[in-house]
Amino acid sequence: APPVAGDPRAPLYVATATGVVDNVLAGYIEEAVRQAAAADSPGIIISLNTPGGSLDSTQRIVSALLEAPLPTIVWISPSGGRAASAGTFITMAANLAYMAPGTNIGAASPVGQGGQDIEGTLGRKVLNDAVKNMTSIAEARGRPVDWAVSTVRDAASYSASEAVAAGAVDGLAVSIDDVVRQADGKVVDVRGESVTVGVADAPIVDLPMNPFQSLLHLLSDPNVVKVSVIGLGMR
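Undergrad: Please provide a residue-by-residue account of the pairing of strand β2 (residues 44-49), values included.
TA: On any regular strand, side chains alternate: one points to one face of the sheet, the next to the other face. Judged by how many residues are buried, β2 sits mostly within the fold: 5 of 6 residues are covered. Two strands pair when backbone bridges link them, and strand β1 (residues 12-18) and β2 are joined in this way by 6 bridges, in the parallel orientation. Among the inter-strand pairings, valine 14 is bridged to a residue of β2, identified as isoleucine 45. A crossover links β1 with its parallel partner β2, the connecting element being helix α1 (residues 23-38), and its sense is right-handed. Examined bridge by bridge, β2 and strand β3 (residues 72-76) share 5 bridges and lie parallel to one another. In the strand pairing of β3, leucine 48 is matched with isoleucine 76. Following the chain from β2 across helix α2 (residues 55-66) to the adjacent parallel β3, one finds a crossover that is right-handed.

Printed below as a string of structure tokens:
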């Protein structure tokens, strides 16, 4: 069997990625992957719940997962959550992907900043680029290309059970412990080398955003009512 990745007793970090995909979230995921790699972790779990976001930020996260020197796992959660739009690209880029029951994935067609369709030649260019990007990710991770492309070209969205049945994700998982149980022993490709995921004995450690990241990420969400900080001070 291929060698076990990392130190099976090093921390298994869980990074929670919720809300819009922006530069703050991208930086947080990049930093989490670096920290896990520095700790010789046997893997990293991204708990994902997003409506989508910036294409540039999405690409940063996708690159961080594809180039990670350790196994990467995405868990779409909690029940009622989703990996929509940008979240679909992120999920497809992980070595292993699981979904909580009652979640959904897809609707990954590119749109303008205001959510509007992109018309004309620019729209075709953006769509074709997104299709090829999704194709490359699906091929790299051995996921069904036609299914993945349908989320972009047709804005198709799928329930958790549909995604599992299509082989687009690796299973349903009701908790982090369930993710760990299912991921343990899987053989994945990390930077061109086959390795075995050995996470059964790893202590699970949450790796949250720092307070400054959390504030910036919250303020970047267009659905959050923002309050003015003018006039506030310190004593």
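Undergrad: Give me the environment of threonine 91: which residues, what numbers.
TA: Mapped onto the secondary structure, threonine 91 falls in helix α3 (residues 86-93). Taking the C-alpha atoms as reference points, threonine 91 and alanine 168, 77 residues apart in sequence, are found 9.4 Å from one another.

Undergrad: Outline α2, listing residues and values.
TA: For α2, with 12 residues, the first-to-last C-alpha span of 16 Å sits near the 16 Å given by 1.5 Å per residue. Within the sequence span of α2, burial applies to Ser57, Thr58, Ile61, Val62, Ala64 and Leu65. Within α2, the buried residues cover an arc of 160 degrees as seen down the axis, which keeps them to one side. Its buried side turned inward, α2 meets α1, β2, β3, α3 and α4 (120-141). Sitting at the head of α2, serine 54 places a side-chain oxygen 3.3 Å from the backbone nitrogen of aspartate 56.

Undergrad: Lay out the side chain of threonine 91 with the relevant residues and their values.
TA: Assessed through its relative accessible area of 0%, threonine 91 is described here as buried. Apart from the residues within four sequence positions on either side, threonine 91 is in contact with Leu48, Val74, Ile76, Ala83, Ala97, Ile105, Arg143 and Val169.

Undergrad: I'd love a proper account of the sheet that holds strand β7 (residues 157-159), names of residues and values included.
TA: Sheet architecture is open: 3 strands sit in the order β4-β6-β7, paired in mixed fashion. A strand with exactly one partner marks an edge of an open sheet, and here the two such strands are β4 (82-84) and β7. Neighbour-to-neighbour, the strand axes of the sheet open up by a mean angle of 15 degrees, direction not taken into account. Two strands pair when backbone bridges link them, and strand β6 (residues 104-106) and β7 are joined in this way by 3 bridges, in the antiparallel orientation. Within β7, the residue paired with asparagine 104 across the bridge is serine 159. The sheet contacts of α3 involve β4 and β6, and relative to β4 the element is tilted by about 105 degrees.

Undergrad: Can you tell me about the packing of α1 against α2, naming the residues and giving the values?
TA: The geometry of α1 relative to α2 is characterised by a closest axis approach of 8 Å and an angle of 10 degrees between their N-to-C directions. Between α1 and α2, the interaxial angle falls into the category roughly parallel. In this structure, α1 contributes Asn23, Leu25, Ala26, Gly27, Ile29, Glu30 and Val33 to the contact, and α2 contributes Ser57, Arg60, Ile61 and Ala64. Split into classes, the residues belonging to the contact of α1 with α2 amount to 6 nonpolar, 3 polar and 2 charged.

Undergrad: For the pattern of salt bridges, give the residues involved together with the corresponding values.
TA: All told, the structure shown has 3 salt bridges when counted by the stated rule. Notably, a salt bridge pairs aspartate 170 with arginine 143, separated by 3.5 Å at the nearest N-O pair. Here aspartate 170 is found in the loop between α6 (160-165) and β8 (171-172), whereas its partner arginine 143 is found in the loop between α4 and α5 (145-153), with 27 residues between them in sequence. On the accessibility criterion, aspartate 170 (34% relative accessible area) is partly exposed. Among the residues examined, arginine 143 registers a relative accessible area of 6% and is labelled buried.

Reading the values: the criteria
Residues numbered from 1 in each chain as written. Predicted model: local features only at pLDDT ≥ 70, side-chain atom pairs only at ≥ 80, totals over all residues. Heavy atoms only, no water. Buried < 20%, exposed > 50% of the residue type's maximum accessible area, 1.4 Å probe, protein only. Helix = DSSP H or I, 4+ residues; strand = E, 2+ residues; numbered from the N terminus. Pairing = 2+ DSSP bridges. Right-handed = clockwise from strand over helix to strand, strands pointing away. Expected span 1.5 Å × (residues − 1). Arc of directions from axis to C-beta. Contact = heavy atoms within 4.5 Å. Polar contact = N/O pair within 3.5 Å; in protein donor to acceptor, adjacent residues only side chain to side chain. Axes fitted to C-alpha atoms, helices over the stretch in contact; angles between N-to-C directions. Parallel < 35°, antiparallel > 145°, perpendicular 65-115°, else oblique. Nonpolar A, V, L, I, M, F, W, Y, C, P; charged D, E, K, R; others polar. Salt bridge = Lys/Arg side-chain N within 4 Å of Asp/Glu carboxyl O.

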